[in-house]
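Descriptive structure summary
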Amino acid sequence: MTTTELPEKLHEIVEDFRAVPDPERLELLLEFSEELPTLPERYAGHQDQMEQVIECQTPLFLAVELENTAPDAGPTAESIVRLFVSAPPEAPTSRGFASVLSQSLNGLPAAEVLAVPEDLSTRLGLQKALTPLRLRGMSAMLGRIKRNISDQLAG
């Protein structure tokens with residue numbers, strides 16, 4: 001999948017990261033950390049109803065819901081993904097990547113999210129700005145989102 005094959009919003013974010021020099025990419029990621037959407041009431045303070053991404057160095061929790069596009073139908077590849085992430089403010093890099101995922105994947109059909117490449121952090125050019133451990137946590141975040149979608153589609 002090339003950059004142009006990415007979902008539109010994700011393509012724009014990747015291009016934004018590519019447009020800045022390496023040292024400024026971390027700064028851009030930190031800006032994204034400030035834009036992580038707040039949790040809806042049903043998840044706020046209820047991390048027990050979310051899945052912890054244990055590969056992240058900080059306590060990061062996510063919930064993935066599939067909104068059916070056809071009434072009375074089960075989840076399908078066309079179902080809309082609703083993504084909810086809880087990441088503490090004191091973990092700005094994890095929170096920033098969670099925000100990138102939330103802003104770019106929320107509202108997309110399940111099939112489009114499943115097609116997002118695993119090397120997203122590399123495409124964002126973050127390999128020079130972050131440690132391998134943090135990059136693994138980011139990959140794990142995307143992997144868990146995709147696994148949740150696959151599990152729900154399998155029913």
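Look up a bit, the structure's there.
The text that follows walks through the structure, step by step, so that each part is easy to find.

Definitions and cut-offs
- Residues numbered from 1 in each chain as written.
- Predicted model: local features only at pLDDT ≥ 70, side-chain atom pairs only at ≥ 80, totals over all residues.
- Heavy atoms only, no water.
- Helix = DSSP H or I, 4+ residues; strand = E, 2+ residues; numbered from the N terminus.
- Buried < 20%, exposed > 50% of the residue type's maximum accessible area, 1.4 Å probe, protein only.
- Lys, Arg positive; Asp, Glu negative; His and termini not counted.
- Salt bridge = Lys/Arg side-chain N within 4 Å of Asp/Glu carboxyl O.
- Polar contact = N/O pair within 3.5 Å; in protein donor to acceptor, adjacent residues only side chain to side chain.
- Contact = heavy atoms within 4.5 Å.
- 1 Å grid on protein atoms, 1.4 Å probe; cavity = no way out; pocket = protein on both sides within 12 Å on 5 of 7 lines; lining within 4 Å.
- Points joined across faces, edges and corners; volume = space filled by probe spheres on them.
- Nonpolar A, V, L, I, M, F, W, Y, C, P; charged D, E, K, R; others polar.
- Pairing = 2+ DSSP bridges.
- Axes fitted to C-alpha atoms, helices over the stretch in contact; angles between N-to-C directions.

Moving on, we get to the side chain of Arg 95. Examined against the element boundaries, Arg 95 turns out to sit in helix α3 (residues 92-105). Buried charge without a partner: Arg 95 forms no salt bridge, and the closest opposite charge is Glu 90, 7.9 Å away. Reaching out from Arg 95, the side chain makes a polar contact with the backbone oxygen of Ala 87 at a distance of 2.4 Å. The residues touching Arg 95, leaving out its near neighbours within four places in the chain, are Ser 33, Leu 36, Ala 87, Pro 88 and Pro 89.

To continue, consider empty space enclosed by the protein. Empty space among the atoms becomes apparent when a probe as large as a water molecule is rolled across them. All told, the structure shown has one cavity of 30 Å³ or more when counted by the stated rule. If you add up the space inside the largest cavity, you get close to 50 Å³. Lining the largest cavity we find Glu 55, Cys 56, Gln 57, Thr 93, Ser 94, Leu 133, Arg 134, Gly 137 and Met 138. At the level of secondary structure, the elements contributing two or more residues to the lining of the largest cavity comprise α3 and α6 (132-154). The residue inventory of the lining of the largest cavity, partitioned by class, reads three nonpolar, four polar and two charged.

This part takes up the pattern of salt bridges. Taken as a whole and judged by the stated rule, the model has ten salt bridges. Arg 144 is the salt-bridge partner of Glu 51, the closest N and O atoms lying 2.5 Å from each other. One end of the pair, Glu 51, is in strand β1 (residues 51-52); the other, Arg 144, is in helix α6, with 93 residues separating them in the sequence. Each member of the pair Glu 51 and Arg 144 is classed as buried. In the salt-bridge network here, residues are joined through shared partners; they are Glu 51, Glu 55, Arg 144, Arg 147 and Asp 151.

What follows deals with the sheet that holds strand β3 (residues 80-86). Picture the strands of a sheet paired through backbone hydrogen bonds; they go either parallel or antiparallel. Taken together, three strands build an open sheet; the order of strands is β1-β2-β3 and the sheet is antiparallel. Edge positions in the sheet fall to β1 and β3, since each of these pairs with one other strand and no more. Here seven bridges tie strand β2 (residues 61-67) to β3, and the two strands are oriented antiparallel to one another. Following the sheet pairing, Glu 65 is matched in β3 by Arg 82. In the packing of α6 onto the sheet, contacts are made with β1, β2 and β3, and the angle to β2 comes to roughly 35°.

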